[in-house]
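Chain residues, written in single-letter form:
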Amino acid sequence: SHVLTLTKLLSLLKVGQLNDLYGHVKEIPVQEQDKEDVRQLFLEAVVASGTDESIKFITNLIQEGEISPAQSGIYVAFLPHYIQTPTVQVLEDVFNLIRSQAIKQNRLLKTNAELSFAVLLNRACVDRSRVERFPVNVFGDFCNTRSSNLATKYIPYFANLLHSTSSGGQKGSLLQTIGIIGHESIIPILLPYVEGKSGSSLSLQRLAIYSLENAAKAHREKLLPVMSSLVHNPSGDRSVRIAALSMLLTMKPDLVHFQRLATSLWHEEDVEFHKFVYSTLKSLSQIEQTSEPSQYTTLNQNSEKAKVVLDLAKPISGVISSAMNHFVTEWLKELEVGYEFQGAYVLAGKIKTAYAKLEYSLQQLKFTPVEFSFHSMGAATLADRIKQILNLEHEEMNVHPELSKIMSILRKDVDQKSPINIGFWARIFSDIQMDLSLTDDNVDPLLQTLKEYVKNPRYLKQKVCGNTPINFVKVNNWSPSEVLIPSEVGLPILMEVHMPTVVYTEGDFNLDCSKSLPSVSLNVSQKVSSSLNGYIGTISPFTREVISTGIDQQWSFDLPLEVSAEMKMGKLVLTSSTSAQDTSSNPKQLVSYSIRPFSSIKPLEVIDANPPMAHKNTKIIKSQGDLKTETYPFGRNIGLDLLYEAKSESDIKDFRSVIDQLSLYKFSPLNVFLYSFTSTAITKNGQPSCRFNELRLKYDPRKSNTKRVQLDFSMALASKHKHDTSTFENLQDHSIQQKLQQVIHRADVDSGSGFRCRLGVNFEGTSSKAYTFFFTALKGEKNLQETWNLHFENEDIFNLCLDGDAMLPTWTAWDLQGIHTRDARISFNNRVGFGRTCQDHQIEMFGSGYVSPDRRNEIHVSKDMYQCEKAIREVHRMKRNLERKDKTMPDYLSLEKQLLNQVEVKYDMCSRLVKEYQTLDKLKFRVTFRNIPQYVQSYGRLTETLVKSYLMPFVNSLETIPVQDEIDVELDFIKHSNTANIKLAVGGSALRYANIRLPDRLTYILPMKVTETVVDQFLDNLVGQDLYSVCNIGDSTVRTFDKKIYKFDLDDCYHVLTAHTGQMRPLAVLGRKVDGKLDVLMYMLGTEIFLSSNGPENKVTVDNQTIRVERGEDQDVIAATSNISVSIQRSADDVLSVKTPYLKLIYARDWLEVRDHTLVRHGRVQGLCGDNDGDRRADVQSADSCVTSSYEKAALSFQLPYTCQTPRPAVLQAAGSCHQVSIEHPAVTKLNRVDLRKCAQRRHSVARQGNKLCYSTVPVMECTKGCVPRAEQWRNVSFACLPAAVAKVLQQEAVDLRNGKVIPKLRHMHKTYDTEMLLPTSCGHPALGSFN
């Protein structure tokens, strides 16, 4: 209320008066810190007033350098939100501001100032809601799409800047600025960039597309074909197509566009774009009509069309993926509020992006509180630039000589680096936009500054060390709405809504650099006050009083705090206490929330700065319910006197009322959080109300014994490998390190890792208390047994221990007969102990999961088994046929295609079959108890009741058994119906449940595979496919990481199967075939791993050391040359699995599977396995990055001739001329080409005078749509007027007038009046030529 009063008073002042008042503020005789607070509050209130005079005052201060660049940027960004009357003079003042030297000298400030001015132009001149937003009916039209300054001055100014600058970063910000204006004339300016011409990069092209968002809504017929052509461009870049799709969805595309989008997925080569489109269609189709406030919204209409076409799309399984677009809607009918949320991200490709938008619906009002996007391109280039500019010295990496040789060959033509383009954009409440970007243009100055600090650390210490005062004041009015509505009864309707917020932070930040390790202390007082108040009323014509009723909703937050952090004796020590001035003060109100309905009658005054709540005649509206007060003290056990106080006029306050209130939010914590401002008192029937409601959290420092809280934290990490133990310490504490080593020793594991941390909590004051907590976690393996431990320890309060182990079955890769007869079983045992010690009370669960013989027999005679065996036979037969045929024979290509199809079937069917054999369908376990306390038994009985109640509809039979103090559970999973049968034996009964429907979320875990960990299986099911990219080599074919398959036979020369050419982690995998058997070499840094098949078994060597691993066992090895962990497993059918931090190789005699575990890649991926970028187009390029006529020719270029057993010439280049990957840009500019010959036309001007229509007697020149006057001149024009009834009779003349034809008879009609008109003498397009 006080903030609103201040802004209203300031809105009455002229520029001179504001200058005088500002001078008085600067001379207030108080401390500098308090004076700065008052100054900031004054400037914030001036900006929030939004009048012409206040805008002029602020722009003058900014141009004079009176305000810092940071504050200037904030004030300018908020101008479109607060301006009340965007007159021609106000627009001119802001335009002069963005061209001033004070703005231009700071690139970031200039970019955001231009964005702010563009938003203002759109809101004032172009946006359809401008008539409702601004008082046009009172003051007249401030600006419109035909305004001369908009088309001849502002747009040409930005267009000239765009054409004249060569900086990519500045071009990007100008594209955004021009696009935000949304005028029709900006379309031809942006289209060359949308098309990919004008020398635009990928980042500029996608930015130009997104910039058309405002224009797309008003000019759908022009831009929809453009976006559609970009989306369906088969050679287009992924980021451009995704941007075009995003814009297409905002233009309410027809059903035919959705049909085309869905059916095109069956032929889509870009896997990541396929994921993005399918997730979009699937997410839209899952939106229910009941979750939308109206069926006419764009999202609702898109949803209905997506439901129709979803079945036409090629599906992708899984819930999340590396590219995704997701929509969520919610509508709370009782509260009449809802939201729409869109979240999208793309993690693969050159440009990584993330986007989120939240839109609220409050009855018929819609607004967007927050919308933001982030994009990143050239992160590796930035890292290299940092090394180059800062001259960072790194230890020479120990790289194997052979790997260095391979890298030198592959890198010779891979010197092109992605440009740096990292940016963040945000839009708040639709009006406030901010843009931060780091590009090639501005990164070097920042790095040079950083370089100076690195060279001279004392400069950095002088800047950051010592005490820094903190003073921050921010005033916002998120909803400045004042409406005057005429009514039919003659009484005006007054409506006013405001949402003022004040954020005040005062204190200091101290960085003590005098010690070896700096210490930090922060002393702040944080105060936040916000309110949502509004009223509706009218003016009494008899008493000239304002009669109103409304609601006042208030939030406040006040937390005085002192925080310090430092290192002591290897421990991180955090100390927190209340500010010294608050230790002896009265009880403080930390948090408060209140709702007060009111009515008011106050005199109508010319100047009235008081809101209704502040007037003496304002009365709080009381309900019939009694005011109930409840208090809940807490915190006494830790020495804090805290009190939660609630006052409410709710009819009933009990647990049922809490349930009723949560039901309003559909029992969703997210809804409760998002709509926290709708929390109200409820009636006895559970309905929301506007009754008085007040909540407070108080703190009394006088009664609190605890004055300071100190936390100290220390931690130790340890890992163990077979025949070796190494411990890595963090925040060194030798006592917990020794304890962790004891835990690892007791676990009896060959390899594993774990950590132990200590947290000490000290409450200091008149009566101190101290608590110490330990947390230990360990996971280890020994042969096929996995062991885990989780311990939470506190001797004084509570201990909780979880110890368990599982025995895994032997692993089988491809031996289908062996896997059919082998018992795949996993046995597990979990022990939970708790109490003062972990031996006081214990719960043990042990059991096993397995694949039943019936299930194995069912799989053995299944259709998948038949197709797998058939594919194996067909592949073998076709390989023999191809070996006997010459490549020049006419049917060779046909046979080769058949072979590739059968290999695909073999991979898919046989791998699916192996997974089926490994998927358990039986699970049995028993739970036993020892010395369980009564309170746990009570919760156990409650849980048993809830479980049985939930499963009641599935009861199949009931048996009576002897009473026992244990629980037996048997589960049978039926995969084809996604159901389960359960036998539950507890107490004295055994219940059988049949056909229990498993929730969709459980299908990510159940049923489990006996050979995979729960985490790996959960991630694979969540993604819907293998989490990591897989490449297969075998059967004379190669299936790339991106699932592109082609025929290629390895020979006795090593070929590069895959290689990461980044300088940070170079690695390569080579392969050759000798006597029908594969030899595989893998190089990582200085380590060499060799896989071969000599004799009866496959063997593996690491750095020339043979590693002996028996069948069904595994072993971990640390490579001495590079300190890399290598995990080796040998399956029951002699298939080797070699897992490293970056790649996993699965090797048999004649086939190899490569799994790329690198989620964040540095450099390029090359080799026979493709580029692993999620795009099957040009998947395998040659070693010199050329596109060849066939993948086989590209694969030949990766041959290493010096490794051949028989000498041959080098082929490490593409045969013939090198063709680079290129993008064919659709000619979208042709769809909207401006015909300059039709920019001007002569036609009769038409005006209305009362009930008459008046026509100019001679045609006058007009500029057509999209064109603007180049020059104008005042001329006298004569008009002849006819009654409207007579004018309608002249139907043919009316048609001719609309078509712009000249009507000679008008020249001879009686002249009614003459007038002076400003007419163009020539016309042109704003994007062409210069306008002064």
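Whatever comes next refers back to the structure up there.
Residues numbered from 1 in each chain as written. Predicted model: local features only at pLDDT ≥ 70, side-chain atom pairs only at ≥ 80, totals over all residues. Heavy atoms only, no water.

1. Looking at the pairing of strand E19 (residues 706-721)
For strand E13 (residues 571-577) and E19, the ladder comprises 6 bridges, and the chain directions are antiparallel. Within E19, the position partnered with serine 577 by the bridge is arginine 708. The pairing of E19 with strand E21 (residues 751-765) spans 14 bridges and is antiparallel. For alanine 716, the partnering residue across the bridge sits in E21 and is arginine 756. (Pairing = 2+ DSSP bridges. Helix = DSSP H or I, 4+ residues; strand = E, 2+ residues; numbered from the N terminus.)

2. Digging into a nonpolar patch on the surface
A cluster of nonpolar side chains, contributed by Leu108, Val370, Phe372, Phe374, Phe424 and Leu436, occupies part of the molecular surface with about 480 Å² of accessible area. Examining the composition of the nonpolar patch, we find that 3 residues originate from one element, strand E4 (residues 365-377), more than from any other. Within the secondary structure, leucine 436 is located in strand E6 (residues 432-439). For leucine 436, a relative accessible area of 44% corresponds to the partly exposed category. (Patch = residues over 30% accessible without salt bridge, like charges linked within 9 Å, V, L, I, M, F, W, Y side chains within 5 Å. Areas by Shrake-Rupley, 256 points an atom, 1.4 Å probe, with all protein chains shown as cover. Salt bridge = Lys/Arg side-chain N within 4 Å of Asp/Glu carboxyl O. Buried < 20%, exposed > 50% of the residue type's maximum accessible area, 1.4 Å probe, protein only.)

3. Remarks on the sheet that holds strand E35 (residues 1077-1084)
Strand order in the open sheet formed by 7 strands is E38-E37-E36-E35-E34-E33-E44, and the pairing between neighbours is antiparallel. Here the strands that pair on one side only, and so sit at the sheet edges, are strand E38 (1105-1107) and strand E44 (1165-1166). With 5 bridges connecting them, E35 and strand E36 (residues 1087-1094) associate as antiparallel partners. Paired with methionine 1084 across the strands is threonine 1087, a residue of E36. Each of strand E33 (1055-1060), strand E34 (1067-1074), E35 and E44 touches helix H22 (residues 401-410); the most contacted strand, E34, lies at about 100° to it. (Contact = heavy atoms within 4.5 Å. Axes fitted to C-alpha atoms, helices over the stretch in contact; angles between N-to-C directions.)

4. Quick notes on the packing of aromatic side chains
Considering all chains together, one arrives at 27 aromatic pairs under this definition. Where phenylalanine 95 meets tyrosine 157, the ring centres are 5.1 Å apart and the plane angle is 85°; that geometry is what we call edge-to-face. You can see phenylalanine 95 sitting in helix H6 (residues 88-98) and its partner tyrosine 157 sitting in helix H11 (residues 148-164), a full 62 residues away along the chain. Here phenylalanine 95 falls in the buried class, since its relative accessible area comes to 1%. Aromatic pair phenylalanine 798 and phenylalanine 834: ring centres 6.4 Å apart, planes at 35°, arrangement tilted. On the criterion of sequence distance, the pair formed by phenylalanine 798 in the loop between strand E23 (785-793) and strand E24 (799-807) and phenylalanine 834 in strand E25 (residues 825-835) is long-range, its members being 36 residues apart. On the basis of relative accessibility, which here comes to 6%, the residue phenylalanine 834 falls in the buried class. Three or more aromatic residues joined by ring pairs make a cluster, and in this case those are Phe78, Tyr82, Tyr339, Tyr360, Phe367, Phe429, Trp478, Tyr675 and Phe677. (Phe/Tyr/Trp six-rings, centres within 6.5 Å; stacked < 30°, edge-to-face > 60°.)

5. Quick look at the state of the cysteines
The final tally for this structure, using the stated rule, is 7 disulfides. The disulfide that involves cysteine 465 links it to cysteine 513, with 1.8 Å between the sulfurs. Its S-S torsion of approximately -85° makes the covalent link between cysteine 465 and cysteine 513 left-handed. Of this pair, cysteine 465 sits in the loop between helix H24 (457-464) and strand E7 (466-477) while cysteine 513 is found in the loop between strand E10 (500-512) and strand E11 (519-539), placing the two residues 48 residues apart along the sequence. Overall, cysteine 513 belongs to the partly exposed group, its relative accessible area being 21%. Two residues share a disulfide in this structure: cysteine 1031 and cysteine 1169, whose sulfurs sit 2.0 Å from each other. When the S-S torsion is -75°, as for the bridge of cysteine 1031 with cysteine 1169, the disulfide is left-handed. Here the residue cysteine 1031 occupies a position in strand E30 (residues 1029-1034), and cysteine 1169 occupies one in the loop between E44 and helix H34 (1191-1196), the gap between them amounting to 138 residues. (Disulfide = S-S within 2.5 Å.)

6. Brief notes about the pattern of salt bridges
Evaluated as defined, the whole model comprises 63 salt bridges. The salt bridge partner of arginine 427 is glutamate 213, with a shortest N-O separation of 3.4 Å. In this pair, arginine 427 sits in strand E5 (residues 421-428) while glutamate 213 sits in helix H15 (residues 213-218), placing the two residues 214 residues apart along the sequence. For the pair arginine 427 and glutamate 213, one class covers both residues: buried. Residues aspartate 1134 and arginine 1130 are paired through a salt bridge, measuring 2.5 Å at the closest nitrogen-oxygen approach. Of the two residues examined, aspartate 1134 and arginine 1130, each falls in the buried class. The network of salt bridges with common partners includes Arg238, Asp270, Asp1175 and Arg1177.

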